[in-house]
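# Chain and residue survey
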Amino acid sequence: MNSDNKKALMSVLANEKPHRRPLWFMRQAGRYLEEYRNLRKTAGSFLDLCYNPDFAAEVTIQPLRRFDLDAAILFSDILVVPQAMGSELGFVQNEGPKLSVTRSMADVEKLELSRVNEFLDPVFNTIKTVKPELDSHVAFIGFCGAPWTVATYMIEGGTSQDRFLSKKAAFSGETWFDVLIDKLIIASIDYLEAQVRAGVEVIQIFDSWASDLPDLQREKYCYKPIAKIVAGLRERGVQVPIIGFAKGLGAGQLDFVKAIDMQGIGVESSLPVNWIRENLIDKVAVQGNLDPVLLDIGGPGLKENVRHIVSNIPMDRHIFNLGHGVRQTTEVDHIHIMVDTVREFDGS
Ligand code: 1CP
């Protein structure tokens, strides 16, 4: 490790040559780590962990003690934003998030924008606690959920198999749905601006359910809301690089890149690396896209797939990552194998 390593991620996002391929992975802090599970028990609930700046800072740093990574990602959740607007939020063991439902104009009108950053002050304190603890080589990533993805949780009241009610509201052009999206755009700009002021150096916007939207709806509910968040941040003088992760768009990733001025995009595991090289890397830095199942099961397929990715995407346009978050059952040894294989290939 050396003090130039942080430059790797920033260089790739600035379209400059890095001295090594930057590497981090989504959900790198979490339940696959024993030290996370222990601290989670001490904290009580998942939200107690998120809102205690000392605990959340510790969890943010935990994976960096084990692995030679180039970035830390703030430990929090995309659903703290609706909670900050007044939705009730809880996480039920083995069931995931539960939110009070938002399904009408009256529900949307109740959501308050004025209290968002005050409510989320502990998150900014987490950022301030983490920052001086990070080695000089590690970049610090902040994040929020994209309006479509966050709205699906608010409308369904939690995780849903098919997000039918959300699609119904969007596809039939409900006015309350458009107002909800607009409120989420404003809340996201306020929240991300404050994260940057507190110390994050890169932003990632997670649109995990972007693939729910057919071609004609993508423009309105995926690209435009994210573009407005990016534009809103730039208007307020926020300069940090932005990575958009609109999972599952396939060939639509090209439209996503053309629609929004982002420095990086995260791509799902099903996107062929040859297609990525031929279509995307001349336009934007690409982050991804190892299948988290390959990382979970290990074996020869792990190294083979890591090598397939790194040998096809040049390191000056690539941030090595997964196509989605690390699975809870993943063995720590497999992560060492992934990291070592990337480093060996690049000779770094
Ligand atoms: O029980 C536990 O300990 C909670 C598990 C957990 C964790 C570790 C949840 C609940 N959220 C998180 C942290 C988290 N979530 C981070 C932290 C930083 C990191 O290490 O990456 C981030 C960036 C998120 C983002 C997030 N939360 C997304 C977008 C990314 C993705 O995974 O698609 C989504 C959709 C959520 C909602 C969420 N939070 C947690 C659960 C179980 C869910 C639902 C997921 C689903 O519906 O499938």
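Residues numbered from 1 in each chain as written. Predicted model: local features only at pLDDT ≥ 70, side-chain atom pairs only at ≥ 80, totals over all residues. Heavy atoms only, no water.

## Focus: the site of the ligand
The line we're drawing: Only heavy atoms are used to decide nearness, and a residue is near a molecule or strand if one of them lies within 4 Å of it. The term polar contact refers here to a pair of N or O atoms within 3.5 Å; inside protein, the definition further demands a hydrogen-donor-capable atom paired with an acceptor-capable atom, and it admits residues adjacent in sequence only when both atoms are side-chain atoms. Using the Shrake-Rupley algorithm and a 1.4 Å probe, accessible areas are obtained, with residue cover drawn only from the displayed protein chains.
Of all residues adjacent to the ligand, which total 22 residues, the nearest are Arg-27, Tyr-36, Arg-40, Tyr-153 and Ser-208. Here an oxygen atom of the ligand sits 2.7 Å away from a polar atom, N or O, in the main chain of Arg-27. At 3.2 Å, a backbone N or O of Ala-29 approaches an oxygen atom of the ligand. Within the complex, 89% of the 890 Å² of free accessible area of the ligand lies under protein.

## A closer look at the packing of aromatic side chains
We apply this condition: Two rings from Phe, Tyr or Trp (for Trp, the six-membered ring) form a pair when their centres are within 6.5 Å of each other. A pair whose planes differ by under 30 degrees is stacked, one over 60 is edge-to-face, and the rest are tilted. To sort residues, take the accessible area from a 1.4 Å probe on protein chains only and compare it with the maximum for the residue type: under 20% means buried, over 50% means exposed, and anything in between is partly exposed. Working definition: helices are DSSP H or I runs of at least four residues, strands are E runs of at least two. Numbering for both runs from the N terminus.
According to the stated counting rule, one finds 13 aromatic pairs in the structure shown. Between Trp-176 and Phe-177 the ring centres are 6.3 Å apart and the planes differ by 75°, which places this aromatic pair in the edge-to-face class. Of the residues examined, Phe-177 reaches a relative accessible area of 0% and is grouped as buried. Centre to centre, the rings of Phe-177 and Tyr-221 are 4.9 Å apart; their planes meet at 80°, and the pair counts as edge-to-face. Taken together, the positions of Phe-177 in helix H11 (residues 175-198) and Tyr-221 in helix H12 (residues 215-235) put the pair 44 residues apart, joining distant regions of the chain.

## Comments concerning the pairing of strand S8 (residues 285-290)
As a reminder of what qualifies: When the strands point away from the viewer and the connection leading from the first strand across the helix to the second strand turns clockwise, the crossover is called right-handed. At least two DSSP bridges between two strands are required for those strands to pair.
Taken across its six residues, S8 has six buried, putting it largely inside the fold. For the handedness criterion, the β-α-β arrangement of strand S7 (residues 264-266), helix H14 (residues 273-279) and S8 is classed as right-handed. Inspection of the sheet shows S8 paired to strand S9 (residues 318-322) by five bridges, in the parallel sense. Pairing of Leu-290 across the sheet is with Leu-322, part of S9.

## Some points on the pattern of salt bridges
As a reminder, the rule being used: Salt bridge, as used here, is a side-chain nitrogen of Lys or Arg placed within 4 Å of a carboxyl oxygen of Asp or Glu.
Summed over the entire model, instances satisfying the criterion amount to 19 salt bridges. Here Glu-58 and Arg-65 are joined by a salt bridge, their closest N and O atoms 2.9 Å apart. The class for Glu-58 is partly exposed, based on a relative accessible area of 27%. Since its relative accessible area comes to 55%, Arg-65 is described here as exposed. One network of salt bridges, with partners in common, ties together Arg-20, Asp-68, Asp-70 and Arg-343.

## Thoughts on the pairing of strand S2 (residues 89-92)
Consecutive side chains of a regular strand alternate in pointing toward one face of the sheet and then the other. Pairing of S2 with strand S3 (residues 96-99), which is carried by four bridges, proceeds in the antiparallel orientation. Across the sheet, Phe-91 pairs through a bridge with Pro-97, a residue of S3. What sits between S2 and S3 in their antiparallel hairpin is a turn of three residues, with Asn-94 showing a positive phi close to 65°.

## Observations concerning unusual backbone geometry
The residue after Gly-288, namely Asn-289, is reached through a cis peptide bond having omega -15°. Mapped onto the fold, Asn-289 is located in strand S8. Residues other than glycine seldom take positive phi values, yet Arg-27 does so here, at roughly 60°. Structurally, Arg-27 can be placed in the loop between helix H1 (5-13) and helix H2 (34-43). Residue classification places Arg-27 among the exposed residues on the basis of a relative accessible area of 58%.

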